[in-house]
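Architecture at a glance
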Amino acid sequence: MSSKKVAAEVVTDESYAKHEKIYPRQVHGLFATFRVLGIFILLGGYYIAPWLQWDGHQAILFDLPARKFYIFSLTFWPQDFIYLAVLLIIAALALFFFTALAGRLWCGYACPQTVWTEVFLWIERKVEGSRNQQIKLDKSPLTKFKFLRKALKHSLWILLSLWTGFTFVGYFTPILELGVKFVQLNLGPWETFWIFFYGFATYGNAGWMREQVCIYMCPYARFQSAMFDNDTLVISYDEARGEPRGSRKRNVASESVGLGDCVDCTLCVQVCPTGIDIRQGMQYQCIGCAACIDVCNQVMDKMGYRKNLVRYTTLNAMDGGKTKIFRPRIIIYFLLLLGITSALIYSMAIRIPLELDIIRDRNALYRETNEGLIENIYTIKVINMDLQPHQYILTVSGIEGMKVINKVPEIKVNSGEVLDFPISIQVDPVNLKKTTQKLKFDLISTTNPKLHVEESGRFIGPLIR
Amino acid sequence: MSGQDNNEYDAKQIPTVQKVIAVLWPSFLTAGVATILFFAYFDPQLLMQISGYGNISRMAGYTIGFFLFWLLTSVTCVISCYFQRPCEKDKH
């Protein structure tokens, strides 16, 4: 898709006409099956995952009130923020990679907007009937029948939305407690607020906004064409084979009536969730859901014609060339993805669930004791990020003959807790070679010697001439 | 906001829904990022205690923080949108 073409289309009057409701027709076929499968896996996972337990805690819990993230046997702390950042970079790279390879796979099969909209459309069809029945119902005057249908549809949508909101909050506060509180109608104000907020967003986006989210709100939809090249999979209508389009009787060979294979049944337009006509060429509104491929193949079957008048193809293939899968863009994205993912896995594997912070006393650079020693005060912060309590030993080295005065000889920290305590270091001035000298702090667990961290600090003394 | 009368380009060509989204949506995204970054480093409970605002729950802290960020970022978006309008042309 060239950016010039997109830009030209954005300014057509049609784009700015008052929004008209789109009634996507139900579609069956290979790609529709893939999408339904995706919906079951993704939404099933979304609704079930927070209920899973692991080692006595919720398996996946981003415990915001306690500032801890649990993902199965891993526990993350705010100090582990870097992992989240790297994870987001990986997600973005994966999106680039798959877009370059196969176009808008994400939009058509995996985007929450697509997935929830499909479920909302399914409810709509169950309540209001097929596309034609829905159009008829919307045009009819408000009768008791119409009112009841609409009320039922919105009630079901709202119920599903609230359940979605409840599940969402269940990722951030323990869902079992949340469930109990919900049953007792005893939810806290902030939990209630977020359930309704997320529920409202689901209802609004999947029930009302639908394709407008993709067209107006989605940044990816706007910039994805930059990742496309002539070898990217796109959905396209075979114009050379289809035109001139026109209706004809079944099992009539196209050539005998002087037409192309397109029977102009407009089903491809009726199934399109964004309401475009794929026969007009590639358009930025196309989310690559392949509904038009499925429906057109059914028509081609009925007509006794070859399938794939609308199909997944590449610009190169359409021009009669060969599609090249392994091209520099793909290889670079893949290598980057592989490199960063391996780095993340490696750093998580060697991650030590212990943190040591050394904070120098800010009030005084140094103090002279009655015995003539130079003293520096530090606050030591020990964060135990392991799931077990530990006991640690702190040793400090770096200056000859230094005295470490630690009033907390037993450093015991429970799982997930922070201990801070002051220590004082005293040095005879004759041993000070420089005004500022480096110190090494070693913290090692007595219960598990693998838990060992090193930090450096500074010792400041009087000016040495 | 005033200036609709001498600004036909904006008023007619861009649907209201797109204008509303242009303000609320990018600001929502950046407010979300800001909230995550900010609260990854600062604990709202501690912040409130230190600054003497009394005790609030962390959930309340995150929520209020998010909406304050959203307010701020949406003000930025409104101003950006306002400045994007073409300057007033010579009156005929």
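If you're wondering where the values come from, they're calculated on a predicted model, not measured in any experiment. (Residues numbered from 1 in each chain as written. Chains lettered and ligands numbered in written order. Predicted model: local features only at pLDDT ≥ 70, side-chain atom pairs only at ≥ 80, totals over all residues. Heavy atoms only, no water.)

Moving on to helix α9 (residues 189-209) of chain A. The first and last C-alpha atoms of α9(A) sit 28 Å apart over 21 residues, in line with the 30 Å expected at 1.5 Å per residue. Those residues of α9(A) not exposed but buried are A:E191, A:W194, A:I195, A:G199, A:T202, A:Y203, A:G204, A:A206, A:G207 and A:M209. Of the surrounding secondary structure, the elements contacted by the buried residues of α9(A) are α5 (112-128), α7 (144-170), α8 (175-183) and α10 (211-217) of chain A together with α2 (16-41) and α4 (58-84) of chain B. Looking one or two residues beyond α9(A), the residue adopting positive phi is A:R210, at roughly 45 degrees. (Helix = DSSP H or I, 4+ residues; strand = E, 2+ residues; numbered from the N terminus. Expected span 1.5 Å × (residues − 1). Buried < 20%, exposed > 50% of the residue type's maximum accessible area, 1.4 Å probe, protein only. Contact = heavy atoms within 4.5 Å.)

Here the focus is the packing of aromatic side chains. Each aromatic ring pair is characterised by the separation of its centres together with the angle its planes make. Taken as a whole and assessed by the stated rule, the structure comprises 41 aromatic pairs over all chains. Note on A:Y46 and A:W116: the rings are 5.3 Å apart at their centroids and 90 degrees apart in plane angle, and the pair reads as edge-to-face. Pair noted here: A:Y46 is in helix α2 (residues 30-48) and A:W116 is in helix α5, with a separation of 70 residues, a long-range link. Here A:Y46 falls in the buried class, since its relative accessible area comes to 13%. With relative accessibility at 9%, the residue A:W116 sits in the buried group. Ring centres of A:F168 and A:Y198 lie 3.8 Å apart, and the angle between their planes is 5 degrees; this geometry places the pair in the stacked category. With a gap of 30 residues between them, A:F168 in helix α7 and A:Y198 in helix α9 connect regions that are remote in the sequence. For A:Y198, a relative accessible area of 22% translates into the label partly exposed. In this structure an aromatic cluster arises from ring pairing among A:F193, A:W194, A:F197, B:W25, B:F28, B:F66, B:F67 and B:W70. (Phe/Tyr/Trp six-rings, centres within 6.5 Å; stacked < 30°, edge-to-face > 60°.)

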